[in-house]
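Descriptive analysis of the structure
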Amino acid sequence: RFHSPSGLTFDSDDDVVYIADQRNHIIRKVAIGESWAEEKEVTNVTTLAGRVGVYGHVDGKKSAAKFWNPVDIIHDGDNNMYVSERHGNVIRRISTLKGEVTTVAGSGGFGMRDGSSKDAAFGSPSGLAMHPSRAVLCVADMANHCVRSIYMQRVQSLDDNDDSSDNDGGDDGDERYW
């Protein structure tokens, strides 16, 4: 049973959908094949990585890996998926071939720090987007009110220097915070 499913992505063949099952702290796999087109009930839901109800930050294979509120998931067009963890404050990669989970960016601590992927800090990373070249992964860093990029094992904040709009109703010039 799902518990707060949030992010969804298809594999490159469009016959498997992967789901970030946030409150179960796992990544689900649903092999849909032709079942949606044929209006059949989809019953083949499996766990790709993590263990139901067990949260934490552990890299490893399949059920040995632990997630903490995985919120979004994207497929890179090859054999990898990327997952943002809202409470784990990290970005993880899952090999769809091996089920191996590795941390791509984030120290696991809550904060706002650019730099090397392993030393960077996020504040509730949420939405993910992959550049078509697959070289840049962008992350919506929710609690830090910014967008971050991961490129060449470095994390960098994307600046919003546009002062033409005032999102907080004030005139303090700092649009990043409300």
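Residues numbered from 1 in each chain as written. Predicted model: local features only at pLDDT ≥ 70, side-chain atom pairs only at ≥ 80, totals over all residues. Heavy atoms only, no water.

**Things to note about the nonpolar core**
- Judged by nonpolar contacts, the single largest core of 13 residues is most densely connected at Ile27, Phe67, Ile73 and Ile94.
- Looking at this core, the element that brings in the most residues is strand E2 (residues 16-21), giving 3 residues.
- Residues within four places of isoleucine 94 in sequence aside, it is in contact with Ile27, Leu48, Ala49, Phe67, Asn79, Asn80, Met81, Val83, Gly99, Glu100 and Val101. (Core = buried A, V, L, I, M, F, W, Y, C linked by side-chain atoms within 4.5 Å. Buried < 20%, exposed > 50% of the residue type's maximum accessible area, 1.4 Å probe, protein only. Helix = DSSP H or I, 4+ residues; strand = E, 2+ residues; numbered from the N terminus. Contact = heavy atoms within 4.5 Å.)

**A closer look at the pattern of salt bridges**
- What the rule picks out here adds up to 6 salt bridges.
- A salt bridge links aspartate 114 to arginine 148; the shortest N-O distance between them is 2.9 Å. Of this pair, aspartate 114 sits in the loop between strand E9 (100-105) and strand E10 (115-116) while arginine 148 is found in strand E13 (residues 146-151), placing the two residues 34 residues apart along the sequence.
- Aspartate 141 serves as the salt-bridge partner of arginine 148, at 2.5 Å between the closest nitrogen and oxygen. (Salt bridge = Lys/Arg side-chain N within 4 Å of Asp/Glu carboxyl O.)

**Focus: the environment of valine 90**
- One can find valine 90 in strand E8 (residues 90-95).
- For valine 90, a relative accessible area of 0% puts it in the buried group.
- In this structure, the C-alpha to C-alpha distance between valine 90 and serine 117, residues 27 residues apart in sequence, is 9.6 Å.

**Thoughts on the confidence of the model for the protein**
- For the protein, the average pLDDT comes to 87, and 83% of its residues sit at 70 or higher.
- A low-confidence stretch, residues 165-178 (pLDDT under 50), is modelled with 16 contacts involving residues beyond four sequence positions or located in other chains. (pLDDT = per-residue confidence, 0-100.)

**So, the side chain of serine 149**
- By the element assignment, serine 149 lies in strand E13.
- Apart from the residues lying within four places of it in its own chain, the contact partners of serine 149 are Val136, Leu137, Cys138, Arg154, Val155, Gln156 and Leu158.

**Description of the sheet that holds strand E14 (residues 154-158)**
- Here we have 5 strands laid out as an open sheet, ordered E10-E14-E13-E12-E11, and antiparallel in their pairing. Edge positions in the open sheet fall to E10 and strand E11 (125-130), since each of these has one partner strand only.
- Relative to strand E12 (residues 136-141), E11 runs antiparallel, the two being bridged by 4 bridges. The residue bridging methionine 130 from the neighbouring strand is leucine 137, located in E12. (Pairing = 2+ DSSP bridges.)

**Overview of the sheet that holds strand E3 (residues 26-31)**
- Strand order in the open sheet formed by 4 strands is E1-E2-E3-E4, with antiparallel pairing between adjacent strands. Both outer strands of the open sheet, strand E1 (5-10) and strand E4 (45-49), are each paired with one neighbouring strand and no more. Strand-to-strand twist of the sheet, defined as the mean angle between neighbouring strand axes without regard to direction, takes the value 30 degrees.
- Sheet analysis places E3 next to E4, joined by 4 bridges and oriented antiparallel. From the neighbouring strand, lysine 29 faces E4, where its bridge partner is threonine 46. (Axes fitted to C-alpha atoms, helices over the stretch in contact; angles between N-to-C directions.)

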